[in-house]
Amino acid sequence: METSTLQTPDGVTIHTVHWSPETDSKRVVMLVHGISEHSGRYAHVAEHLTSHGYHVYAHDHRGHGKSTGDRVHAPSNTAYITDLKLYYDRIKRTHPNANIYMIGHSMGSVVSLQFVHTYPNAITALIVTGTATDVVSTVDAPLRTVANIIYRIYSQAPISAPGGSGILTRDAEMLKAADADPLFYHGWTKTSTAKYIVETGEMLQDRASEITLPILIMHGADDELTPISGSRIMHERVGSTDKTLKIYDNMLHEILNEVDRATVLADISDWLNAH
């Protein structure tokens, strides 16, 4: 594993990580983490993928983990994919002939789907877990109106209290690690980030047919954080001819950190190997 940084045009320093397989490979996976967390929580995922011969790259979103920027603040609805494209371009220069895949979790799935919608020929295939594309279904119209007013006054105003780590996974050790993690943001969700997720999720639902690359959509059946309807809607509406929806019984939001995560990881590597 090696770490580095990436400088954005607006002065944010993005923390990046690269895990290398034992032998060089022309297969690359980019991991895109969710809201409040960071790339370091995916070390076990990277270990699994490198054992299958993949280079694995991840970064901390601006305002997350070891990256700079206002904590968990989305300054625009394109900031996250602009940073991701900058990172992608560097990886592409390093691996010009590689197949590049992407795995996005929760808010990271929204970022990943927005990325492939904006840059349809950039990657070979996409995997999303706990996708947050239907968060809008949990927000009633009056609350959304209030949130838009608050956003115009102060975009970083807190809008939603943290739900507690207990809704993430049933694995007690993973919960302890999340609670003790100093890089994990445990504060309230900011209006700007909520706005980004809701509005981008709506756009992705409306324009899902424009996404045509191979896609694997995965969700925990008992997810209480992001509605499973988001995964079902995207599976139904994407224009891909190669699309798969996998629902995992007895799993909460973070299926990659669940008690039976070995099954999920095996499903991921099997699917990647087939693509």
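Please read all numbers here as calculations on a predicted model, not as lab measurements.

Undergrad: I tried to follow the overall build of the chain on my own but got confused; where do I start?
TA: Scanning the chain from terminus to terminus reveals eight helices and ten strands. For 275 residues, the compact-globule estimate of 2.2 N^0.38 gives 19 Å, and the chain sits close to it at 17 Å. Overall size of the chain, expressed as C-alpha extent along the three principal axes, is 55 × 40 × 40 Å. Counting all 275 residues of the chain, 53% fall into the buried class. For the chain, the share of sequence-separated contacts (at least 6 apart) that also reach a separation of at least 24 residues comes to 76%. With an accessible surface of roughly 11600 Å², the chain has 52% of that area assigned to carbon and sulfur atoms. With 22 positive and 31 negative side-chain charges, the chain shows a separation of 6 Å between the mean positions of the two kinds.

Undergrad: Sorry if this is basic, but what is going on with the nonpolar core here?
TA: Membership of the largest hydrophobic core comes to 41 residues, with the highest contact counts inside it found for Phe115, Ile123 and Leu126. At the level of secondary structure, the elements contributing two or more residues to this core comprise strand 3 (27-32), helix 2 (79-94), strand 5 (99-105), helix 3 (107-118), strand 6 (125-129), helix 6 (191-206) and strand 9 (215-220). What Phe115 contacts, discounting residues up to four positions off in sequence, is Ile81, Leu84, Lys85, Tyr88, Met102, Ala122 and Ile123. Counting residues in each nonpolar core, the second largest holds 26 residues, with Trp19, Met218, Ile268 and Leu272 among its members.

Undergrad: Sorry if this is basic, but what is going on with the pattern of salt bridges here?
TA: Opposite charge on two side chains lets them pair, provided their charged atoms get close. Tallied over the full model, the rule gives eleven salt bridges. Measuring nitrogen to oxygen at the nearest pair gives 3.1 Å for the salt bridge that ties Glu199 to Lys195. Within this pair, Glu199 and its partner Lys195 are both found in helix 6, separated by four residues, close to a single helical turn. By sharing partners, the salt bridges in this structure join Asp10, Arg62 and Asp83 into a single network.

Undergrad: Got a minute to help me understand the environment of Thr263 in this structure?
TA: As for its placement among the helices and strands, Thr263 is situated in helix 8 (residues 261-273). Distance from Thr263 to Gly34, taken between C-alpha atoms, is 21 Å for residues 229 residues apart in sequence.

Thresholds applied
Residues numbered from 1 in each chain as written. Predicted model: local features only at pLDDT ≥ 70, side-chain atom pairs only at ≥ 80, totals over all residues. Heavy atoms only, no water. Helix = DSSP H or I, 4+ residues; strand = E, 2+ residues; numbered from the N terminus. Rg over C-alpha atoms; globule rule 2.2 N^0.38 Å. Buried < 20%, exposed > 50% of the residue type's maximum accessible area, 1.4 Å probe, protein only. Contact = heavy atoms within 4.5 Å. Areas by Shrake-Rupley, 256 points an atom, 1.4 Å probe, with all protein chains shown as cover. Lys, Arg positive; Asp, Glu negative; His and termini not counted. Charge placed at Lys NZ, Arg CZ, Asp CG, Glu CD. Core = buried A, V, L, I, M, F, W, Y, C linked by side-chain atoms within 4.5 Å. Salt bridge = Lys/Arg side-chain N within 4 Å of Asp/Glu carboxyl O.

In short, shape yes, function no, at least from these values alone.
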